[in-house]
Amino acid sequence: MLAWSIALRYLFSKKSQGAVNIISAVAVAGVAVATAAIVIVLSVFNGFTHLADSRLAAIDPDLKAVPIQGKAWTDGDSLAAIAARVAGVEMAMPVIEERGLLIFGNQQMPVIFKGVPDQYGELVNIDSTVIDGKRQQWYFSEPAALISVGVAVKSTARPGAAVNLYVPRRTGRINPANPSTAFRGQEVAVTGVFQIDQPEYDNQHVFMPLGTARDLLEYQAEATAIEIKLAPDAKPDAVATALADAIGPDAKVLTRAQTEQSAFRMIMVEKWITFLMLAFILVIASFNIVSTLALLVLEKRDNMNTLRALGAPQGLVRGIFMRLGFAISMAGGIAGIALGSVLVLIQQWGHVIKLAGDPSQMSILYYPVKLEPLDLLIVLALTAIIALGASVIAAALVRDRAERVSDRPPISVGA
């Protein structure tokens, strides 16, 4: 406690030499700026993660059960009824997802089409993504399709047009002389165009009624997945475990993050690589403590002589400067965390920094940020580790000088 008391007194007391005050302030400011930069950058990546999750929530369910073996369950409707009875599940619906060929006029392109029940708009907020056409019109049981913006651009199809979907025939004989008999086709009316600004969905996805998809694929009650909407207070991981037990060993239940793992993994990889780069800058900034402590040794040499005269061991002197270096680093780190948090909250609530570009062509007008308490704890722990390492190194580097200075008699000025 004595070492800490003296170190904190040295930290906050006014120095006799102005240069020592300036260098100490620079050391604290360097750590603070580096720490604030880490908080801000992590919050920006959190913002993009939250933005991607909110957009995917309009088209991805909370949970999705898929078969472990094979492409589809033969009893999808009954499995959906079983899943709907699990605690924490608000609703469960069978869906069919398959690849096919879309033809419109002279344009043709591969697409991923998804058959969904009429009440699918209650499970996800897909209506909010429709940018052309009438919302909910595509839920009609008649052959209809909601196409993505990428499909609309590449095929030139618009709401009101009729497109043809083709898939390989599953049953029946195929005439080698007529290759077209190897495919089944279905004409569907385009009733809307959706866009969520996620390439994996915007490029080649088509939604259609579940009955139409089953007819096209020659299915009866099959389903390639069971999609689940959770109750407001339900915990995804706990409900996923209960669903896996209820449906059986042939099912694998995925959360939205697991379903879109590739989309979120890239953001997380970039986030933590950037974190490591900024952490290295924080390490460099922390080494300003060495020069600060070297000057403080000269500044406090009379105090050290006094302590030695009072019987203080040399280890106490080294301990004082080690704790002083740690205190300087932590002071800068805490100030940086506070500064970064304030700037992030200003942007999060006030949207001060805008994105450059034509607002009419942009889906978001400002940099998304989101302050996460866990990130602040990680940055604080990183600052403490670096502060401890830097203070130990600094104390070791100035040890010899401290010993020489403390053994030297004070300089007297003659008259």
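All values derive from a computational prediction rather than experimental measurement. By convention here, each chain's residues receive numbers from 1 onward along its written sequence. Since the coordinates come from a predicted model, pLDDT governs what is reported: local features require at least 70, and pairs of side-chain atoms require 80 or more to be given and counted, while whole-chain, interface and lining totals use all residues. Values reported for side chains reflect all heavy atoms of the structure, with hydrogen atoms and water molecules removed beforehand.

Q: What is the right way to look at the overall build of the protein in this model?
A: Strands are runs of DSSP state E lasting at least 2 residues, helices are runs of H or I lasting at least 4, and numbering of each runs from the N terminus. A count of helical and extended segments in the protein gives 14 helices and ten strands. Burial classification: accessible surface area is computed with a 1.4 Å probe over protein chains only, and a residue below 20% of its type maximum counts as buried, one above 50% as exposed, and the rest as partly exposed. Across the 415 residues that make up the protein, the buried fraction comes to 44%. Residues are treated as being in contact if the distance between any of their heavy atoms lies within 4.5 Å. In the protein, once contacts between residues fewer than 6 apart in sequence are set aside, the share between residues at least 24 apart is 80%. Summing over all exposed atoms, the protein offers an accessible surface of approximately 21,100 Å²; the carbon and sulfur share of this is 60%. For the accessible areas, the method is Shrake-Rupley and the probe is 1.4 Å, while residue cover comes only from the protein chains on display.

Q: What am I meant to see in a nonpolar patch on the surface here?
A: Patch rule: a residue counts if its relative accessible area is over 30% and it has no salt bridge; like charges are joined within 9 Å, and nonpolar side chains (Val, Leu, Ile, Met, Phe, Trp, Tyr) within 5 Å. By convention in these notes, a salt bridge is any Lys or Arg side-chain nitrogen within 4 Å of a carboxyl oxygen on Asp or Glu. Residues Phe 48, Leu 339, Val 342, Leu 343, Ile 346, Val 352, Ile 353 and Tyr 367 make up a contiguous nonpolar surface patch of roughly 710 Å² in combined accessible area. Among the elements that take part in the nonpolar patch, helix α13 (residues 314–350) stands out by supplying four residues, more than any other. When you line up the elements, Ile 346 lands in helix α13. Residue Ile 346 is classed as partly exposed on the basis of its relative accessible area, which comes to 43%.

Q: Could you clarify how one ought to interpret unusual backbone geometry in this entry?
A: Excluding glycine, residues mostly have negative phi values, and the peptide bonds linking residues are mostly trans. Positive phi, close to 60°, is recorded for Asp 197, a residue that is not glycine. With respect to the secondary-structure elements, Asp 197 resides in the loop between β7 (183–194) and α6 (199–202). We classify Asp 197 as partly exposed; its relative accessible area is 31%. For His 351, which is not a glycine, the phi torsion comes out positive at approximately 50°. Within the fold, His 351 resides in the loop between α13 and α14 (373–407).

Q: Teacher, can you tell me more about the pairing of strand β10 (residues 251–255) here?
A: Looking along a regular strand, one sees side chains alternate from face to face of the sheet. Burial analysis of β10 places four of its five residues in the buried class, which makes it a mostly covered element. By definition, two strands form a pair when at least two bridges between them are found by DSSP. Relative to β10, strand β1 (residues 63–67) is paired through five bridges, and the arrangement is antiparallel. Residue pairing in the sheet places Lys 64 in a bridge with Leu 254 of β10.

Q: I'm lost on the confidence of the model for the protein in this one. Help?
A: Segments scoring low in pLDDT should not have their predicted coordinates read at a detailed level. Considering every residue of the protein, the mean pLDDT works out to 83; 79% of them sit at 70 or more. Per-residue confidence from the predictor is given as pLDDT, running between 0 and 100. Least confident of the elements in the protein is helix α12 (residues 301–309), whose mean pLDDT is 65; most confident is strand β9 (residues 225–230), at 95. Scored below 50 in pLDDT, residues 410–415 makes three contacts in the model with residues more than four places away or belonging to other chains.

Q: Whenever I open this one, the side chain of Glu 222 confuses me. Can you help?
A: With respect to the helices, strands and loops of the structure, Glu 222 is situated in the loop between α7 (210–217) and β9. From its side chain, Glu 222 meets the backbone nitrogen of Gln 220 in a polar contact 2.5 Å long. Sequence-distant contacts of Glu 222, that is, excluding residues within four places in its chain, are made with Ala 72, Trp 73, Thr 74, Ile 96 and Arg 214. Here a polar contact is taken to be a pair of N or O atoms separated by no more than 3.5 Å, where protein atoms must pair a possible hydrogen donor with a possible acceptor and residues adjacent in sequence count only if both atoms sit in side chains.

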